[in-house]
Amino acid sequence: MKTIATIFLILITVALATISLVQLGRIDSPSAYFASEASVPNGQRLFPSKVQTTTQISITGSEIPNFQFDFDPSNGLWFGSSPWQDRADGPMVIDKLLRFALTTEVIDSMPSTQKDLKALGFSDDTIKVTLSDSTGNTITSFSIGKSSAWLHQDEEDEEKFLPSIYIRPHQPGLSDHIYLCSDPSENLSNLFDEQLAKFRDPRAFALNLQDLKEIRLNQSQSDIILARENTASAWRITKPLELATDKQAVVDYLTNLSKIEAIALHQPEDVPLPENPRVTEIGISNFSSDEEVVLTIYQAAQTASTCFATISNRPVVMVLPLIATESTSNYITQLPKSINALRSRTILDWDAQQRAELRSIIIRSPQSYAEPVIVAREPKGRFKLLRQGRPEEDIDESTLADFLKVVTSMPIKDFSSDAATDFSPYGLDEPQMIIDFLSFHEAPTRLRISTVHGTEDDGTPTSQHYANLQGSPVVWELSSEFVAEIPNRTWNWLPKTIWTLPVIDIVEFTAQQRGKAKLSVQYDFIADSFTGQLGDRDVSERINPNRAKFFLNECHQLTAFRRLSPQDPNALKALANANFEVTISVQEYDNEGNPADITRYTLLLAPATSSRSSAFFYAQASNQEGIFVIGTSTLKKLAALDIFDDD
């Protein structure tokens, strides 16, 4: 009994202490404070969903002037109309305020009394927010009290806990209570600091990328202009030259412009600006307006970390950072210094329509006796390789795709000239290679490529590659890798398929390594059986039929890694002493389906290097001219070593 009495006295003491602390405002205890029934139950949204139709916001308080903000649906921006007339920060501040009003939940509530109002942060200087719709009708109005130490579990993220804040609504039916609410903004009161300074948009531009028509950058009295004809067309440089643009460079440029933000905003009368300054101008023009919005950036002192800027459609002087810190980013010094930062670094700027219009490609090497490459097609037909005295031949479609990728996507090394009239210094008066692109309906395009040889001061030989589209004054420097990727020989365009044989008609295959016994395997498709000999020995019993069939399925269609010239000296030398030979015999049939001759397909192989572990092998097939290169994985398949049982 003594123990029970002691525990009871302790509980009473704790309860009295808690009540005292609550009355003193020293702790936040919803269950102690809030006992009376409220109009909005716990766990419910405090304000109506109509908050999302807000187009007018009024913010008042005894220590601030009356602020008024209005939403302009024509451009999707918020503007302040009182006490200052300027663009408001919709994305970072007003949206945060509206999201609070739309999503805040009631944690608990209590009837409002004068004593409680003062204790919970409601006084004459309390911030009052009124949200209205486009007709001026009030959606909701509320005062903001002090923050609470109470944490509220986020309904969307159970591991996250939101701070809480006291709110006093002013609309009928709610104004008689004070509500402890979750604070999705995580610091609502902070939005209203420093005379609502955060409500003024720090961004130089509020870019609408869909509406954007032209960007003018003027540095050192020279304009770089990007423009597009309509919202669906590509961006082009229109000044100082007509040039295609690099898509990623334009995206980065637009991103940087959208991120130019002031670290401080001043009234024009408060900041003396230089009278004859050196300035950088960025002009933005939209399809929906004839007015160009111009950001004027004033040159800073040599050691300054900031500079001043003005913008033509806002009554402010902006302070822009020139040095990036943990809290600020510097985008001013990242502006393009020349058109080379924005222009396309590819040879051909083709869209899908221009690719579809391509009729033929002719690649010639005037400085050699090489046979020209002519690849052409009929409308809606497939490209064929045309060679004198031969019928049309299929091409390797991957070669065409790779080549078009090189000339339309692979970047050039550098820009050598934008105003060349004499092309001899670049060797383009006698080009090493001429590539003609002929279209079904458009004018032809001729690409000239040259190589200029020289020596360094120490006698080291050098080679530089240049290119030019005939009729253009622009000269590019190309990398050696770029030139090497051009398939300028006919064999580069032929398919890499060594053979494609009907697996059901294969009657025999052999594999022999020089100096070792020859493996011969016969296949009877009707009987579905295999017999075999290894040298003079019968190995039929050791053949695993499933593995043998796998071999046929793997090797009846053989594709090489690459094709080489039929006269490649290294390959011919190696194949003259080939160390591996594979044959596949195929039963032919006459027009009536009766068995005719047997055709034997032979493949000679030799390592491409003297190393015993050569990764590549030369291959020469009996059924077609040319030399192929295959890898070790293909060689292992051809060796047919896996057709036997493991024992």
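Scope of this entry: the structure provided in the associated data block.

## Details of the overall build of the chain
Working step 1: When helices and strands are counted, the chain shows 13 helices and 38 strands.
Working step 2: Relative to a compact globule of 647 residues, whose C-alpha radius of gyration would be 26 Å, the chain shows 40 Å and is clearly more extended.
Working step 3: Along the first, second and third principal axes, the C-alpha atoms of the chain reach 110 × 90 × 60 Å.
Working step 4: Counting across all 647 residues of the chain, residues that qualify as buried make up 43%.
Working step 5: Sequence separation of at least 24 residues holds for 58% of the intrachain contacts in the chain that already meet a minimum separation of 6.
Working step 6: Surface accessibility of the chain: about 35,400 Å² in total, with carbon and sulfur atoms responsible for 49%.

## Description of the sheet that holds strand β32 (residues 537–538)
Working step 1: Strand order in the open sheet formed by 9 strands is β32-β31-β30-β29-β35-β36-β37-β38-β34, and the pairing between neighbours is antiparallel. Single-partner strands in this sheet number two, and they are β32 and β34 (562–564).
Working step 2: Across 7 bridges, the pairing between strand β29 (residues 506–513) and strand β35 (residues 580–589) is antiparallel. For Q513, the partnering residue across the bridge sits in β35 and is F580.
Working step 3: Each of β29, β30 (519–524), β31 (529–534) and β35 is contacted by helix α11 (residues 545–555), which is oriented at about 85° to β31, the strand it contacts most.

## Structural notes on the nonpolar core
Working step 1: Formed by 36 residues in total, the largest nonpolar core has its most connected members in I498, L603, L605, I630 and I643.
Working step 2: Those residues in contact with I498 that sit more than four places away from it in its chain are L558, T559, A560, L603, A621, N623, Q624, F628 and I630.
Working step 3: Core analysis: the second largest hydrophobic core is formed by 35 residues, I57, A88, F100 and I165 among them.

## What to know about helix α3 (residues 90–103)
Working step 1: At K96, α3 shows its maximal kink, close to 30°.
Working step 2: The set of residues buried in α3 consists of G90, V93, I94, L97, L98, F100 and A101.
Working step 3: In this structure D89 caps α3, since a side-chain oxygen of it lies 3.2 Å from the backbone nitrogen of M92.

## Some details on the pattern of salt bridges
Working step 1: For the structure shown, the criterion picks out 24 salt bridges.
Working step 2: Across the pair D201 and R87 runs a salt bridge whose closest N-O atoms are separated by 2.9 Å. Taken together, the residues D201 in the loop between α5 (193–196) and β10 (212–219) and R87 in strand β4 (residues 86–87) connect sequence positions 114 residues apart. Both residues of the pair, D201 and R87, count as buried.
Working step 3: One network of salt bridges, with partners in common, ties together R216, D223, K239, E281 and E292.

## Brief notes about the sheet that holds β4
Working step 1: The 9 strands lie next to each other as β4-β3-β2-β1-β6-β7-β8-β9-β5, forming an open sheet whose pairing is antiparallel. Taken across any chain shown, the strands that pair with only one partner, and hence form the sheet edges, are β4 and β5 (106–111).
Working step 2: Bridge analysis of strand β3 (residues 77–82) against β4 gives 2 bridges, and the strand direction is antiparallel. Each bridged residue has a counterpart across the sheet, and for F79 the counterpart in β4 is R87.
Working step 3: Where α3 meets the sheet, it contacts β1 (56–61), β2 (64–72), β3, β6 (128–132), β7 (138–153), β8 (161–169) and β9 (177–182), and its direction lies at approximately 90° from that of β1.

## With respect to a negative patch on the surface
Working step 1: Together, E156, D157, E158 and E159 make up a negatively charged patch on the protein surface.
Working step 2: By the secondary structure assignment, E156 is in the loop between β7 and β8.

## Quick notes on the environment of D422
Working step 1: Its place among the elements puts D422 in the loop between β23 (414–417) and β24 (433–439).
Working step 2: Taking relative accessible area as the criterion, D422 reaches 46% and is therefore assigned partly exposed.
Working step 3: Considering only alpha carbons, one finds D422 and P473, 51 residues apart in sequence, at a separation of 9.2 Å.
Working step 4: Within the structure, the side chain of D422 is placed 2.7 Å from the side chain of S424, a separation counted as a polar contact.

## Focus: the side chain of T510
Working step 1: With respect to the helices, strands and loops of the structure, T510 is situated in strand β29.
Working step 2: Judged by relative accessible area, T510 falls into the buried class, the value being 6%.
Working step 3: Of the polar contacts made by the side chain of T510, one reaches the side chain of T583; its length is 2.4 Å.
Working step 4: Beyond its immediate stretch of four places on either side in the chain, T510 contacts K518, L519, S520, E581, V582 and T583.

Cut-off values and rules
Residues numbered from 1 in each chain as written. Predicted model: local features only at pLDDT ≥ 70, side-chain atom pairs only at ≥ 80, totals over all residues. Heavy atoms only, no water. Helix = DSSP H or I, 4+ residues; strand = E, 2+ residues; numbered from the N terminus. Rg over C-alpha atoms; globule rule 2.2 N^0.38 Å. Buried < 20%, exposed > 50% of the residue type's maximum accessible area, 1.4 Å probe, protein only. Contact = heavy atoms within 4.5 Å. Areas by Shrake-Rupley, 256 points an atom, 1.4 Å probe, with all protein chains shown as cover. Pairing = 2+ DSSP bridges. Axes fitted to C-alpha atoms, helices over the stretch in contact; angles between N-to-C directions. Core = buried A, V, L, I, M, F, W, Y, C linked by side-chain atoms within 4.5 Å. Bend = angle between axes of the 7 residues up to and from the residue. Polar contact = N/O pair within 3.5 Å; in protein donor to acceptor, adjacent residues only side chain to side chain. Salt bridge = Lys/Arg side-chain N within 4 Å of Asp/Glu carboxyl O. Patch = residues over 30% accessible without salt bridge, like charges linked within 9 Å, V, L, I, M, F, W, Y side chains within 5 Å. Lys, Arg positive; Asp, Glu negative; His and termini not counted. Charge placed at Lys NZ, Arg CZ, Asp CG, Glu CD.

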